[in-house]
Structure formats: C-alpha cells, structure tokens
Amino acid sequence: MKFSDLNKDKKTPEKAPSPELPAAAFPAPPPSPWGAPPRPQIPGNSSPPPPPRKPPIPLEAAKAVAAVSLALQRQTAQQTYGQAIGAMKTFLREDASIPAAYRPIDDAARALVSLILENNSALLAMTVRSTASNYLYAHSVNTAVLAAFIARGMGWDVNRLQTLAVCSLLSDIGMLKHLGLAREARALTSEERQEIRLHPVESRRMLDLIPDIEASVRKTIAEVIEAEMAVKTPAKARDNLEKGSDLHMAAEIIALCDIYEAMSHPRSWRKPLLPHEAVKTLIKKHGEDFSRPIIKMFVEKLSIYPPGSWVELNSGELAVVVAANPKLPTIPTVEIRVRADGSPLEPTQTVDLSQISMTHVAKAVDETEIVLRDKKLMLQLQAARWWVE
C-alpha cells in the first residue's frame, strides 16, 4: 500500500497544464499525510576529502560539557513533555460530552517530534513517568514518544513522524469510556477484559466528534486505529494489511510501544515490571508478532536498560540510565546519583560506561523500593516515576 492510497477519497489531481497557460492556475495536489519518501542518495564519482581531525578535549572539560548538555536536554524535555501531558489532560476531560479541540494535540505532537529529531535522550527517559489522576495522559504521551523514536531510527522523515505521533496520542482515546473498569483495584474478569479490548471502536466514534480536525487527518487516524487493532489479533486477521506499507508499519510500531508502556507502568490492580524486565518479556511473548526491523530498532533505542530506568553499578553506586548504547546494549551512559554508602552524590556524575572498563551495571533496581538512611532522598526516588500535574 502506498502512502497516497491513504487518501483515496481525495480527487485525482488534474493533468499538467499546456505550455501556454500559467502554472499558477494549476495548484499542486495536497501532500500525503505520511509525507513523501526520502530521495535516494546518488554517490558521486569521488568523495570529498575528510575534514581535519580536531584536537582531543581534556577529560574534565568533556565531563563538564556533557553535564551542561544533559541539563539543557532535560529542561527542554520536561517542558515539552509537560505541554503534551497538559494537551491530553484537556482533550480527555471526563466531564465533557465531546472531545476538546484538536489543535493543541497537533501542536504537542510537533513539539515532541522536534526534540526527537534532535535525538533528545532526556525525552525518551521521561517515558518512565506515570500520571496518578488518569493513567491515559502519560500512557498516550509515552506511547507517542516511544513510537516516534523507533520510527526516527528507521529513517522516517518529519512528516511521517508527525502523523505517527498524532495517531499515537489519539489511538486510545476510546478508553475514556472504560476508565471505571481500568481503575478497578482487582483483576478484571474475561468479559470485562473483552469489553476493554473493544475500546478502538469507541476511539473511532470519538474521532467523528472532534470539532476542528481535517477530514483527511481524521481518516488517517481511523485507519491506523483499525490497523493497530488488527495487529493485536491472531495472524490470520492481519492478512488484509499490506506488509511494509506505512499504514502497517505505523500500526505495528504503535501497538508494540502500547504493550511495552502498559507492562512497564503501574495500574490500579498491579505493579509495573521494571523497564528491563518489560523489554525481555515483550520480546519473549510478542517478538514473533512484529516485523523484525521494528523489534530490532525497539531494542536498539531502549537497550537492555532503557533510559530513565535505575541500575546498581558493581561499585555499589546507584545511577539512572540517561542514554542507550546501540552497539553495546548492556553498557549505557548513566548519571550516578547515590554513593555506595547510600548518601546523595552532589553534584551527580554522568558516565559513559563504555569508556570505563572497571565499572559496569551489576543489576537493574526498583528505585521505589530502595532503603536509604537519607529519608529525603528516598522520597525523591519514590516520586521519580510520577509526573506532577
């Protein structure tokens, strides 16, 4: 399936005008919601000479630069993540009979994609957060961020990423009708689980109520929701999806990230899996349900220890993962925050473990269950998973 097929309801553009008529009289056809595929790069007969090597930066200076860069990334990521949470909170008002305006959702998606194009790893680390009042706020934003990071790694351009992010943010809006069941502090019955599995039907209905969304955008989102629902069903039900099309890939990416996000975040009736456990469980249980390139990029972006997760080093220090290493998934870049004796490390220290042979990750840890003498630090760790609205 081609991207242009997503908008079959649009009229076919007229043929090119004759030479004697002005070109301005014939406007170009509207672009596909997924954007045009990238042009192939044609190598020339000779490559330019390599640039001269820069002198190495002293180690302490490099650490200082890395610390400043991480702080700026984190500040920007928090602002953008907060904007997206706010947009979802307004859009998914439980006391409203119809959804709010679409424009803030579109703006939030654009802001998220902008940071993802900058490879802001701090934004990826934000996806460990949850929202207490309504899990859907953070779930929708986290799924969009994870999906866009994976698609960016697969070479998707800004237009396709924007469409993917919007579809991710709105794919689960139908769960608003089932929040009563989702908030039950018990395991659901088989009948209740089946009712919740049909929430995409409600999502498509709610799309029709959004007042300011373009028809072509509504159609694309509805198609992705339908395709995502098919991806999560047995293989035979997916035969109608054209493998390799943007519609199919978007549905697979969103479905994969939706499952991972749900596993790694708390629900009213269960605790979450640690991020590294969620990665392993997802691959073990669902690895065969998704295309190999998508699974490969998922592991490359999150690694064994996903950004935002906590680890204990062989030195006994506690650190939060700030960036994955695509080539060495067990050797991330970490920010050491707690000394081996349980006292806070101030200022914190950012370390690329691939550059230090004597230090490595000993194990993943649940930061909410760490017992420390410093009670203030314990409370900070316990609150780290929650986004304060």
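Residues numbered from 1 in each chain as written. Predicted model: local features only at pLDDT ≥ 70, side-chain atom pairs only at ≥ 80, totals over all residues. Heavy atoms only, no water.

Colleague: Teacher, can you tell me more about the pattern of salt bridges here?
Modeller: Pairing between side chains becomes possible if they bear opposite charge and their charged atoms approach one another. All chains considered together, the criterion is met by 19 salt bridges. With a closest N to O distance of 2.6 Å, glutamate 202 and arginine 205 form a salt bridge. Taken together, the positions of glutamate 202 and arginine 205, both in helix 8 (residues 199-207) and three residues apart, correspond to about one turn of that helix. The class for arginine 205 is partly exposed, based on a relative accessible area of 43%. (Salt bridge = Lys/Arg side-chain N within 4 Å of Asp/Glu carboxyl O. Helix = DSSP H or I, 4+ residues; strand = E, 2+ residues; numbered from the N terminus. Buried < 20%, exposed > 50% of the residue type's maximum accessible area, 1.4 Å probe, protein only.)

Colleague: What is the right way to look at unusual backbone geometry in this model?
Modeller: Backbone geometry follows two general trends: most residues other than glycine have a negative phi, and most peptide bonds adopt the trans configuration. Across the junction of glutamate 346 and proline 347, the peptide omega takes the value -5 degrees, indicating a cis bond. With respect to the helices and strands, the residue proline 347 is situated in strand 4 (residues 344-352). Despite not being glycine, asparagine 119 shows a phi value in the positive range, around 60 degrees. Within the secondary structure, asparagine 119 sits in the loop between helix 2 (103-117) and helix 3 (121-125). Of the residues examined, asparagine 119 reaches a relative accessible area of 48% and is grouped as partly exposed.

Colleague: How should the sheet that holds strand 1 (residues 310-313) be read in this particular structure?
Modeller: Two strands in a sheet stick together by hydrogen bonds in their backbones, pointing the same way (parallel) or opposite ways (antiparallel). Strand order in this open sheet of five strands is 4-3-2-1-5, and the pairing throughout is antiparallel. Looking along the sheet, the strands with just one partner apiece sit at the ends: strand 4 and strand 5 (361-365). Ignoring strand direction, the axes of neighbouring strands in this sheet form an average angle of 35 degrees. Pairing analysis gives four bridges linking strand 1 to strand 5, with the strands arranged antiparallel. Bridge pairing links tryptophan 310 to valine 365 in strand 5. (Pairing = 2+ DSSP bridges. Axes fitted to C-alpha atoms, helices over the stretch in contact; angles between N-to-C directions.)

Colleague: Help me understand the pairing of strand 4, please; the structure alone is not making it clear to me.
Modeller: Consecutive residues of a regular strand have side chains that alternate between opposite faces of the sheet. Strand direction decides the pairing type here: strand 3 (residues 333-338) and strand 4, joined by five bridges, are antiparallel. Counted as the bridge partner of glutamate 335 is threonine 350 from strand 4. The hairpin turn running from strand 3 into strand 4, its antiparallel successor, is five residues long, and glycine 342 in that turn takes a positive phi close to 90 degrees.

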